[in-house]
Amino acid sequence: MNLDARTIDEVRQRADLYDIVSERVVLKRSGKDFRGICPFHEGKSPSFSVNPTRNFYKCFSCGVGGDSVSFIMRLEKIAFTEAVLALARRYNIPVHSHSPEERAAYTRKLSREQQILEILEQAAQFYQHARQSPIGQVAREYLQRRGLSDETCQHFAIGYAPPGWNALTTHLLERKRYPAPLVEAAG
Ligand SMILES: [Zn+2]
């Protein structure tokens, strides 16, 4: 099960750590915190501290610490998702998980981003290729005058935009056959 971030956030906000811990540990007030005997190690000193405002526990002897979800995980020896679900049940928090449709939409979005990156890469290659081809003679002469060697240009992926405003678009649409909306999205 893929828990939605909203569910996890709500559980973390609403699960009252003092409430949860005090069912298992006798807590006594100590300043702003509560102290008790740590349920996670053998010991008789009240080394276990609960900060109710920050919803955070810490044992000064064995070093464990965390929030209400982590307390339940340690105590019941269960996984993160199970602990969140147990707390959601206890506090009547609605559980949202990613539906198959949501996951599919997310995958589509990712692959679209990948395609756009690919188009940008193709565009960079196109300009570099133009610099090295006969049409880029004027650019190469200019770069030579500026003292930039061929290796430097290669290294920094310096390209040349040939005359005409649509050379790249034509290249991407007609030679590489990318769909027009995607090329547009890539800018
Ligand atoms: Zn401890």
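Residues numbered from 1 in each chain as written. Predicted model: local features only at pLDDT ≥ 70, side-chain atom pairs only at ≥ 80, totals over all residues. Heavy atoms only, no water.

## Re the nonpolar core
Step number 1: Judged by nonpolar contacts, the single largest core of 25 residues is most densely connected at Val 21, Phe 48, Val 50 and Leu 87.
Step number 2: Those elements giving two or more residues to this core turn out to be α1 (5–14), α2 (17–21), β3 (48–51), β4 (56–59), α3 (68–76) and α4 (80–90).
Step number 3: No other element matches the four residues that α4 contributes to this core.
Step number 4: Counting 10 residues, the second-largest nonpolar core is a separate cluster that includes Ala 123, Tyr 178, Leu 182 and Val 183. (Core = buried A, V, L, I, M, F, W, Y, C linked by side-chain atoms within 4.5 Å. Buried < 20%, exposed > 50% of the residue type's maximum accessible area, 1.4 Å probe, protein only. Helix = DSSP H or I, 4+ residues; strand = E, 2+ residues; numbered from the N terminus.)

## Let's talk about the packing of α1 against α4
Describing two packed helices takes the angle between their axes plus the distance from one axis to the other.
Step number 1: One can describe the packing of α1 onto α4 by two numbers: an axis separation of 10 Å at closest approach and a directional angle of 60°. Of the possible angle classes, the one that applies to α1 and α4 is oblique. α4 is crossed by α1, and the crossing has left-handed handedness. Of α4, the residues touching α1 (which contributes Thr 7, Ile 8, Val 11 and Arg 12) are Phe 80, Val 84, Leu 87 and Ala 88.
Step number 2: Tallied by class, the residues present in the contact of α1 with α4 amount to six nonpolar, one polar and one charged. (Axes fitted to C-alpha atoms, helices over the stretch in contact; angles between N-to-C directions. Parallel < 35°, antiparallel > 145°, perpendicular 65-115°, else oblique. Left-handed = near helix turned anticlockwise from the far one by under 90°. Contact = heavy atoms within 4.5 Å. Nonpolar A, V, L, I, M, F, W, Y, C, P; charged D, E, K, R; others polar.)

## Observations regarding the coordination of the zinc ion
Step number 1: Surrounding the zinc ion are the protein donor atoms Cys 38 (SG), His 41 (ND1), Cys 59 (SG) and Cys 62 (SG), at 2.0 to 2.3 Å.
Step number 2: Taken together, the four donor atoms coordinating the zinc ion span angles of 102 to 121° at the metal, a pattern that classifies the geometry as tetrahedral.
Step number 3: Between consecutive donor residues of the zinc ion, the sequence gaps follow C-x2-H-x17-C-x2-C. Taken together, the residues Cys 38 in the loop between β2 (33–36) and β3 and Cys 59 in strand β4 connect sequence positions 21 residues apart. Neither residue differs from the other here; Cys 38 and Cys 59 are each classed as buried. (Donors = N, O, S within 2.8 Å, 3.2 Å for Na, K, Ca; no water. Tetrahedral: all angles 85-135°; square planar, octahedral: opposite > 155°, others 65-115°.)

## A word on the layout of surface pockets
Step number 1: Estimates place the volume of the largest pocket at around 150 Å³.
Step number 2: As for the largest pocket, its lining consists of Ile 119, Leu 120, Ala 123, Tyr 127, Leu 168, Thr 169, Leu 172, Val 183, Ala 186 and Gly 187.
Step number 3: If you list the elements that add at least two residues to the lining of the largest pocket, you get α5 (100–132) and α8 (167–175).
Step number 4: In terms of residue count, the dominant contributor to the lining of the largest pocket is α5 (four residues). (1 Å grid on protein atoms, 1.4 Å probe; cavity = no way out; pocket = protein on both sides within 12 Å on 5 of 7 lines; lining within 4 Å. Points joined across faces, edges and corners; volume = space filled by probe spheres on them.)

## Things to note about the domain arrangement of the protein chain
Step number 1: Split into domains, the protein chain comes out as domain 1 (5–90) and domain 2 (100–185).
Step number 2: One C-alpha centre belongs to domain 1, the other to domain 2, and the line joining them spans 54 Å. (Domains from an automatic or database assignment.)

## Considering the pairing of β3
Step number 1: The side-chain alternation of β3 yields two buried faces, one formed by Phe 48 and Val 50 and the other by Ser 49 and Asn 51.
Step number 2: Across three bridges, β2 lies against β3 in antiparallel orientation. Residue pairing for β3: Gly 36 is matched across the bridge by Phe 48.
Step number 3: Examined bridge by bridge, β3 and β4 share four bridges and lie antiparallel to one another. By the bridge assignment for β4, Phe 48 is matched with Cys 59.
Step number 4: Hairpin connection from β3 to β4: four residues lie between these consecutive antiparallel strands, with Asn 55 at a positive phi of about 55°. (Pairing = 2+ DSSP bridges.)

## A look at the packing of α3 against α4
Step number 1: Contact pair α3 / α4: the axes reach a minimum separation of 9 Å and the direction vectors enclose 110°. Relative to α4, the element α3 lies roughly perpendicular. Handedness of the α3/α4 crossing: right-handed. Two secondary-structure elements touch here, α3 through Ser 68, Val 69, Ile 72 and Met 73 and α4 through Phe 80, Ala 83, Val 84 and Leu 87.
Step number 2: Across the contact of α3 with α4, the residue classes break down as seven nonpolar, one polar and no charged.

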